[in-house]
Amino acid sequence: MSTRLSALAASVALLTAFAVPAASASPTASPTASPATPVPPAGGAGATTVNLATNPGFELPSPALADWGSIPGWSCTGGPAEAAVTTSGAHSGTSALTVTPANDDSTGECAQTVAVQPGTTYTASAWVRGNFVYLGATGTGRDVAPAWTETTSGGWQQLTTRFTTGPNAHSIRLYVHGWYQQGPFSVDDVRVDGPAPAPAVAAGSIPTTDKVVFFTVDDGWQRTPEAERFIADHHLPITAFPLPMPAGTDPDFFKRVTAVPGSSVQDHSVSHSDLSKLPLEQQQVEICDARDAMTRLFGTAPVVFRPPFFAWNADTLQAAANCGIRTVLTADADYSWGASNIWHPGPLQPGDVILMHWTDTLATDLPRALADADAAGLKPAGLIDYLH
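Residues numbered from 1 in each chain as written. Predicted model: local features only at pLDDT ≥ 70, side-chain atom pairs only at ≥ 80, totals over all residues. Heavy atoms only, no water.

Turning our eyes to something else, we now look at the overall build of the protein. Tallying secondary structure elements over the protein gives seven helices and 22 strands in all. Counting the 388 residues in the protein, one finds 51% classified as buried. Long-range pairs, those at least 24 residues apart, make up 76% of the contacts in the protein with a sequence separation of at least 6. (Helix = DSSP H or I, 4+ residues; strand = E, 2+ residues; numbered from the N terminus. Buried < 20%, exposed > 50% of the residue type's maximum accessible area, 1.4 Å probe, protein only. Contact = heavy atoms within 4.5 Å.)

Rendered as structure tokens:
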């Protein structure tokens, strides 16, 4: 215990040495107090400032098929053993996050990835309750002192920190945590205020004059050795759009079937719901949480989103952009379950995106699509290579 208390004292001394204007704690306020007006970003007068955080008030429900105990939009080190959404005593609304570190070696950290623009100023804030609670950001490209408070004296207090991203920063990791042996803490009304990113681009094909087509395969529930063998034997670049649950069940399969250069694993949402029926905030959870799952499993963040049922709207394009995704991709041909549907006149054309699914028919769907591509003088190519 003395070691942890010594670490706490050292941390307080170190944080105190940082320049105060970069991070601060607002005076203790009542649960009904309104968050402070966001500071405009460094985008010039008239730049639109929005809250880029996912599920900032911990009010959104978990999508179907999400990991049990997960908190939409957030990843917590101790999972459901430490962090839970509570419905009493929130700063605003009906819910807040309450974290009870499971042991003396845990700070109870919860974090999320936020898409940002290089060379841009953002203001992060959160209302917290507890002892030694911290709010900060990593991956900004510059050293940033976290905001923290020694105690909120039982009430709610707002922590605020501002940072300007470096020239290569496209995402940051926003975190909140407590401290060793300091007990539970609560968080609510998180904000990352900055300029709204431009909406993602919707596409059904890839503009190119190269004689190539793109094989994309969705979902992931039925994984057969016959399909895997055909992909390997024919050296096919595959863009896989698995859901997090089947991907997490058998990640090695998806690593093998995307081993050909140009292949990749991309984003297909958490629950395979019709996103056009959901508000932007819930769409953002669906896309960002799937992004995080694919990144965790395969080591590379997706840059393409395939909307389930090809159902999308303007909110989908904005939600995808808020998750750091630039392309919302449908297709213009379907070779799933024995079909050979091309949704434009004539045979396959350069740049066509072909839809298939991980099913028990994929081992016969792939050769049929490959034969039609060959007949049109086209070869499968890596989708991700043509989006750079």
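So much for the structure itself; the text now carries on.
What follows deals with the pairing of strand β7 (residues 121–129). Within β7, eight of the nine residues are buried, leaving the element largely enclosed by the surrounding structure. Pairing between β7 and strand β10 (residues 157–164): eight bridges, direction antiparallel. Paired with Thr123 across the bridge in β10 is Arg162. Bridge count for β7 against strand β12 (residues 185–195) is six bridges, and the pairing is antiparallel. Its bridge partner being in β12, Val128 is matched across the sheet by Val187. (Pairing = 2+ DSSP bridges.)

Taking strand neighbours across the sheet as the criterion, the three strands line up as β13-β18-β17 in an open arrangement whose pairing is parallel. Each edge of the sheet is formed by a strand with only one pairing partner; in this case those strands are β13 (201–203) and β17 (304–305).

Glancing now at the nonpolar core. The biggest cluster of nonpolar side chains holds 30 residues, and the ones touching the most others in it are Trp74, Leu97, Cys110, Leu174, Val187, Val190 and Val192. The set of elements that each furnish at least two residues to this core consists of β5 (96–99), β6 (110–115), β7, β8 (131–138), β10, β11 (171–177) and β12. Once you skip the residues sitting within four places of it in the chain, Leu174 turns out to touch Trp74, Cys110, Ala111, Gln112, Val114, Ala124, Leu135, Gly136, Ala137, Val190 and Val192. (Core = buried A, V, L, I, M, F, W, Y, C linked by side-chain atoms within 4.5 Å.)

Bringing helix α2 (residues 225–233) into the picture now. Within the span of α2, buried status applies to Ala227, Phe230 and Ile231. The buried residues of α2 occupy an angular sector of 100° when the element is viewed end-on, so they sit on one face. Opposite the packed face of α2, turned more than 90 degrees from it, sit the exposed residues Ala232 and Asp233. In this structure, the buried residues of α2 make contact with β15 (238–242), α4 (251–257) and α7 (362–375). His235 lies just past α2 and shows a positive phi near 50°. (Arc of directions from axis to C-beta.)

As a further point, take the packing of α2 against α7. Each pair of packed helices gets described by two things: the angle between the helix axes and the distance between those axes. For the pair α2 and α7, the least separation of the axes is 8 Å and the interaxial angle reads 30°. In terms of orientation, α2 lies roughly parallel with respect to α7. Every residue of α7 that contacts α2 at Glu226, Ala227, Phe230 and Ile231 is listed here: Leu362, Ala363, Leu366, Pro367 and Leu370. In terms of residue class, the contact of α2 with α7 is made up of eight nonpolar, no polar and one charged. (Axes fitted to C-alpha atoms, helices over the stretch in contact; angles between N-to-C directions. Parallel < 35°, antiparallel > 145°, perpendicular 65-115°, else oblique. Nonpolar A, V, L, I, M, F, W, Y, C, P; charged D, E, K, R; others polar.)

We now examine the state of the cysteines. Here the structure, examined in full by the defined rule, presents two disulfides. Here Cys76 engages in a disulfide with Cys110; their sulfurs sit 2.1 Å apart. With the S-S bond torsion at 115°, the cross-link from Cys76 to Cys110 turns out right-handed. Residue Cys76 is found in strand β3 (residues 75–76), and its partner Cys110 is found in strand β6; the two are separated by 34 residues along the sequence. On the basis of relative accessible area, Cys76 is assigned to the buried category, the value being 16%. Here the disulfide map of the protein reads 1-2, 3-4, the bonded cysteines being numbered as they appear in the sequence. (Disulfide = S-S within 2.5 Å.)

Judged by pairing direction, the sheet is antiparallel, and its five strands sit side by side in the order β3-β6-β11-β8-β9 without closing on themselves. With one partner strand each, in any of the chains shown, β3 and β9 (147–151) form the two edges of the open sheet. Where β6 and β11 come together, six bridges link them in antiparallel fashion. Bridging from a neighbouring strand, Cys110 pairs with Val176 of β11.

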